[in-house]
Amino acid sequence: MERVKRVGIIGAGNVGSTLAYILSATTSYEIVLQDKDKDRARGMLLDMFQASCVGPKFTKLGVIASPKDLSGCDVIVIAAGSPRLPGMSRSDLLLANAKVVSEIAKGIKENSPEAIVVLVTNPLDAMVYTALKETGFNPKQILGMAGVLDSARMASFIYEKLQCAPGQIMSPVMGGHGDDMVPLARFCMVNGVPLAELLSKKEIDEVIERTRNAGAEIVNCLKKGSAYFAPARATAEMVVAIMSDSHKILPCSVLLQGEYGYNDVVGGVPVELGIHGIERIVELKLNTEERAQFDKSIQSVKNLIDTLKKEYF
């Protein structure tokens, strides 16, 4: 009998709990959830378990009491940390969330050294670097969720312009997960048709600008808290791609080791995902303008990493 695949989710906030629910409703994985507030984690999973009993589908769910319970997890998602509040940049979260991720990473290193680790905590790229430093894992094992979310947001804004089925829209986004992200309009397709054939330059520029500010737009609307439905759905897409060994290409935040001419820095690039985590990094041929934007975005991440090296590591 094939072993049931196991996903650990650390952080039972809005993103972590929504991710747990999505996976419980759409997969047969065993799901374990950890939060510093154990009662919250238990309450969330009780609610999810009862939801799974409404129909014929059944999902095994559990609460992690200690890092030892991470043993046997195939994928571990880190969604713990402070959220972004109105007026707060992702950079403001840097040192506070580095401490959170470091402690979690140490527990993963000790108890689940073979797991693939997916980071969701912001500032995302710097937190991927933090997890890599604390675990010493093979870089193929650790990646961050950002590009899938940013690409989905871009697709939603293209849909608003065209009113065509969003499932037909391919809209890759590269670079760091922040204001300097690089939406690649030249690579955008709508059912195989280049975006430039369907929208004017002005309309495409509007889509790009709104994509870069999409997270802040939601934060400003909510007043308290930040987006979680789309981040959770994007994370689920990555988890399923890894667990199913799909070799699906998705934009993810990974350590660059010579790719695109960079070393010892994390950035969002197209990645082939499979059972080993990062199976391959895909190098797109960027034009001069795209390269300049990507360089600027990576430099922003490098600045965060340099701060970590100076004040934390």
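Procedures and definitions
Residues numbered from 1 in each chain as written. Predicted model: local features only at pLDDT ≥ 70, side-chain atom pairs only at ≥ 80, totals over all residues. Heavy atoms only, no water. Helix = DSSP H or I, 4+ residues; strand = E, 2+ residues; numbered from the N terminus. Buried < 20%, exposed > 50% of the residue type's maximum accessible area, 1.4 Å probe, protein only. Contact = heavy atoms within 4.5 Å. Areas by Shrake-Rupley, 256 points an atom, 1.4 Å probe, with all protein chains shown as cover. Lys, Arg positive; Asp, Glu negative; His and termini not counted. Charge placed at Lys NZ, Arg CZ, Asp CG, Glu CD. Core = buried A, V, L, I, M, F, W, Y, C linked by side-chain atoms within 4.5 Å. Pairing = 2+ DSSP bridges. Right-handed = clockwise from strand over helix to strand, strands pointing away. Salt bridge = Lys/Arg side-chain N within 4 Å of Asp/Glu carboxyl O.

Draft legend 1. Layout of the overall build of the protein. Assigned secondary structure in the protein consists of nine helices and 14 strands. Expressed as lengths along the three principal axes of its C-alpha atoms, the size of the protein is roughly 50 × 50 × 40 Å. Expressed as a percentage of the 313 residues in the protein, the buried residues total 51%. Contacts in the protein between residues at least 24 apart in sequence constitute 70% of all its contacts with a sequence separation of at least 6. Summing over all exposed atoms, the protein offers an accessible surface of approximately 14,500 Å²; the carbon and sulfur share of this is 53%. Computing the positive centroid from 35 side-chain charges and the negative centroid from 36, the protein places the two 3 Å apart.

Draft legend 2. Representation of the nonpolar core within the structure. Counting 82 residues, the largest nonpolar core has L119, L143 and F294 as the members making the most contacts within it. The element that contributes the greatest number of residues to this core is helix α8 (residues 229-243), accounting for eight residues. With residues near it in sequence (within four places) discarded, F294 still touches M174, G175, V182, L256, Y260, Y262, G268, V269 and L286. Judged by nonpolar contacts, the second largest core, of 17 residues, contains I158, I169, V207 and A214.

Draft legend 3. The arrangement of the pairing of strand β1 (residues 6-10) in detail. The element β1 is extensively covered by neighbouring structure, given that five of its five residues are classed as buried. Here β1 shows a buried face lined by R6, G8 and I10 and a second buried face lined by V7 and I9. Bridge count between β1 and strand β2 (residues 30-34): five bridges; the pairing is parallel. Its bridge partner lying in β2, G8 is registered against V32. As a crossover connection, the stretch from β1 through helix α1 (residues 14-26) into β2 is right-handed.

Draft legend 4. Structural detail: the sheet that holds strand β10 (residues 189-190). As summarised here, the arrangement of the three strands in space is β7-β10-β11, forming an open sheet in which the pairing is antiparallel. Of all strands in the sheet, those bounded by a partner on one side alone are β7 (169-170) and β11 (193-194). The sheet contact formed by β7 and β10 spans two bridges and is antiparallel. Bridge pairing in β10 places M170 opposite M189.

Draft legend 5. View of the pattern of salt bridges. Within the structure shown, the criterion is met by 15 salt bridges. The residue E290 makes a salt bridge to R186 at a minimum N-O spacing of 2.8 Å. One end of the pair, E290, is in helix α9 (residues 288-311); the other, R186, is in the loop between β9 (182-183) and β10, with 104 residues separating them in the sequence. With a closest N to O distance of 2.6 Å, E206 and K202 form a salt bridge. Of this pair, E206 and K202 both sit in helix α6 (residues 201-212), four residues apart, which is roughly one turn of that helix.

Draft legend 6. Focus on unusual backbone geometry. In this structure, the amide linkage connecting N122 to the following residue, P123, adopts the cis form with an omega of -5 degrees. Take P123: it is sitting in the loop between β5 (116-119) and α4 (124-135). Non-glycine residue K223 carries a positive phi angle of around 70 degrees. Summarising the element assignment, K223 is placed in the loop between α7 (214-222) and α8. Unlike most non-glycine residues, D264 shows phi in positive territory, near 55 degrees. Along the chain, D264 turns up in strand β13 (residues 263-274). Taking relative accessible area as the criterion, D264 reaches 40% and is therefore assigned partly exposed.

Just distances and angles here, no functional claims.
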